[in-house]
Amino acid sequence: MNQRTQIIALGALAVAINVIAGTVVGNLNIPFLFLDVVGTIFIAALYGPYWGALVGLLTNLVLGVTSGYTSIPFALVNIIVGLVVGFAAVRFGYTLKTAIVSGFTLGVVCPAVGTAIAVAVFGGLTGGVTDVFVLWLKDAGSSLFAAAFLPRLWGNLVDKILSAVLIYYVLKGIPQSLLKRPPLRRSEKTNAA
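Everything numeric in this text was worked out from a predicted model, so none of it was measured.

**So, the UniProt feature "transmembrane region" (unreviewed entry) in the protein**
Right, on to step 1. Taking the UniProt record as the reference, the feature "transmembrane region" (unreviewed entry) is found at residues 6–25, 32–52, 72–92 and 104–125.
Right, on to step 2. Along residues 32–52 the backbone is 67% helical and 0% strand, and the end-to-end C-alpha distance reaches 23 Å.
Right, on to step 3. The distance separating the terminal C-alpha atoms of residues 72–92 is 31 Å; by composition the span is 86% helix and 0% strand.

This is how it looks when you write it as structure tokens:
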């Protein structure tokens, strides 16, 4: 199997994992856990930001068909996941430290972008469990953005860090002979020469 075919096959699998894991965890209503970007993180860590962004986009388009149109505007969030993890992996390698820092970054950036989308497109309410907290914070005097952002922040921090670290251990456990190695960091290139 050539490399492009391998990337496309793994990318399709990653989209399926995002959709299935996100749907199962969502239906189980597990607090602070979504697991809807693990496939995006996997492909981005392995093959870089653009493949990761493509998996993120396709995931939300599939969700738009299977779960409802409300998932489509949030494709931007999933694309950002692919870009952040992919660029970090290319620059620093996908180490445990990179996974934790990427997860923390995503835990803040994703709910900020998601909140902006939720407020602009849906008035801050998206039909999820967090809507109860959004309404409570809004009634308590918070701005609409703050009321929509704060409930999303804590869950995203837990989920994105956990997802990024989980993928680190998955990649660590897969024999490198089966997968293309990420591009070398600059320091590794100079040491190899």
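So that's the structure; there's more coming.
**Concerning the packing of aromatic side chains**
Right, on to step 1. Applying the stated criterion across every chain, the model contains two aromatic pairs.
Right, on to step 2. Geometrically, the ring pair formed by Tyr-50 and Phe-87 is edge-to-face, given 5.8 Å between the ring centres and 90 degrees between the ring planes. Taken together, the positions of Tyr-50 in helix H3 (residues 49–66) and Phe-87 in helix H4 (residues 75–92) put the pair 37 residues apart, joining distant regions of the chain.
Right, on to step 3. Residue Tyr-50 is classed as exposed on the basis of its relative accessible area of 60%.
Right, on to step 4. Of the residues examined, Phe-87 reaches a relative accessible area of 43% and is grouped as partly exposed.

**Some remarks on a nonpolar patch on the surface**
Right, on to step 1. Together, Leu-54, Leu-57, Leu-58, Leu-61, Tyr-69 and Ile-72 make up an exposed nonpolar region whose accessible area comes to about 520 Å².
Right, on to step 2. As for its placement among the helices and strands, Ile-72 is situated in the loop between H3 and H4.
Right, on to step 3. Residue classification places Ile-72 among the partly exposed residues on the basis of a relative accessible area of 38%.

**Details of the pattern of salt bridges**
Note that side chains of opposite charge can pair when their charged atoms are close.
Right, on to step 1. On inspection of all chains with the given rule, the structure shows one salt bridge.
Right, on to step 2. One salt bridge in this structure joins Asp-159 and Lys-160, with 3.1 Å as the shortest N-O distance.
Right, on to step 3. We classify Asp-159 as buried; its relative accessible area is 0%.
Right, on to step 4. On the basis of relative accessibility, which here comes to 4%, the residue Lys-160 falls in the buried class.

The rules we used
Residues numbered from 1 in each chain as written. Predicted model: local features only at pLDDT ≥ 70, side-chain atom pairs only at ≥ 80, totals over all residues. Heavy atoms only, no water. UniProt positions renumbered as here; feature names shortened; annotations may be inferred. Helix = DSSP H or I, 4+ residues; strand = E, 2+ residues; numbered from the N terminus. Phe/Tyr/Trp six-rings, centres within 6.5 Å; stacked < 30°, edge-to-face > 60°. Buried < 20%, exposed > 50% of the residue type's maximum accessible area, 1.4 Å probe, protein only. Patch = residues over 30% accessible without salt bridge, like charges linked within 9 Å, V, L, I, M, F, W, Y side chains within 5 Å. Areas by Shrake-Rupley, 256 points an atom, 1.4 Å probe, with all protein chains shown as cover. Salt bridge = Lys/Arg side-chain N within 4 Å of Asp/Glu carboxyl O.

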